[in-house]
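# Notes for the structure review
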Amino acid sequence: RYLDSVLNQTYKNIELIFVNDGSTDNTEQVVLSYEKIFEENGKKLIYIKQENKGLGGSINTGLKYFTGDFLCW
């Protein structure tokens, strides 16, 4: 639902940085299945997988890829 909600935004200049912080379910497959859909909608999806570093570690990882003017996590 989260990825669909981002896609449904009318504002198009969105860069979603998704940090998979060591999940053990099918998160990776779900997120990667949206790559083309994001591209077709003019939105950018960046997927990063890492071993569990916790919330702070995930935010620090995502910040390395951040290029926008505004940030929300």
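Reference entry: report on the structure contained in this document. Here the structure is a predicted model, which means the values were calculated and not measured. (Residues numbered from 1 in each chain as written. Predicted model: local features only at pLDDT ≥ 70, side-chain atom pairs only at ≥ 80, totals over all residues. Heavy atoms only, no water.)

A separate point is the overall build of the protein chain. Tallying secondary structure elements over the protein chain gives four helices and two strands in all. For 73 residues, the compact-globule estimate of 2.2 N^0.38 gives 11 Å, and the protein chain sits close to it at 12 Å. Taken over the C-alpha atoms alone, the protein chain extends approximately 35 × 30 × 15 Å along its principal axes. Among the 73 residues that make up the protein chain, the fraction classed as buried is 29%. Considering only residue pairs separated by 6 or more positions, the protein chain has 68% of its internal contacts joining residues 24 or more positions apart. Just so you have it, the protein chain exposes about 5,500 Å², and 51% of that area is on carbon and sulfur atoms. (Helix = DSSP H or I, 4+ residues; strand = E, 2+ residues; numbered from the N terminus. Rg over C-alpha atoms; globule rule 2.2 N^0.38 Å. Buried < 20%, exposed > 50% of the residue type's maximum accessible area, 1.4 Å probe, protein only. Contact = heavy atoms within 4.5 Å. Areas by Shrake-Rupley, 256 points an atom, 1.4 Å probe, with all protein chains shown as cover.)

With that settled, consider a nonpolar patch on the surface. A contiguous nonpolar patch, built from L55, L63, L71 and W73 and spanning about 500 Å² of accessible area, is present on the exposed surface. Turning to its location among the elements, L63 is positioned in helix α4 (residues 54-63). Judged by its relative accessible area of 39%, L63 falls in the partly exposed class. (Patch = residues over 30% accessible without salt bridge, like charges linked within 9 Å, V, L, I, M, F, W, Y side chains within 5 Å. Salt bridge = Lys/Arg side-chain N within 4 Å of Asp/Glu carboxyl O.)

Tracing the backbone shows I59 in helix α4. By relative accessible area, which is 22% here, I59 ends up partly exposed. Counting along the chain gives 40 residues from I59 to V19, while the straight-line C-alpha distance between them is 8.1 Å.

Following the criterion strictly, the structure yields one aromatic pair and no others. Note on F18 and Y47: the rings are 6.0 Å apart at their centroids and 25° apart in plane angle, and the pair reads as stacked. Taken as a pair, F18 in strand β1 (residues 15-21) and Y47 in strand β2 (residues 44-50) lie far apart in primary sequence, 29 residues in all. Pair check on accessibility: F18 and Y47 agree, each one buried. (Phe/Tyr/Trp six-rings, centres within 6.5 Å; stacked < 30°, edge-to-face > 60°.)

Moving on to the pairing of β2. Most of β2 is tucked away: five of the seven residues are buried. Looking at chain direction, β1 and β2 are connected through seven bridges and run parallel. Residue pairing in the sheet places I17 in a bridge with I46 of β2. (Pairing = 2+ DSSP bridges.)

Scanning the model with the defined rule gives two salt bridges in all. The partner of K44 in a salt bridge is E15, and the shortest N-O contact between them spans 3.7 Å. Highlighted residues: K44 in strand β2 and E15 in strand β1, separated in sequence by 29 residues. Using a relative accessible area of 44% as the deciding quantity, one classes K44 as partly exposed. On the basis of relative accessible area, E15 is assigned to the partly exposed category, the value being 22%. Between E28 and K49 there is a salt bridge whose closest N-O contact spans 3.1 Å.

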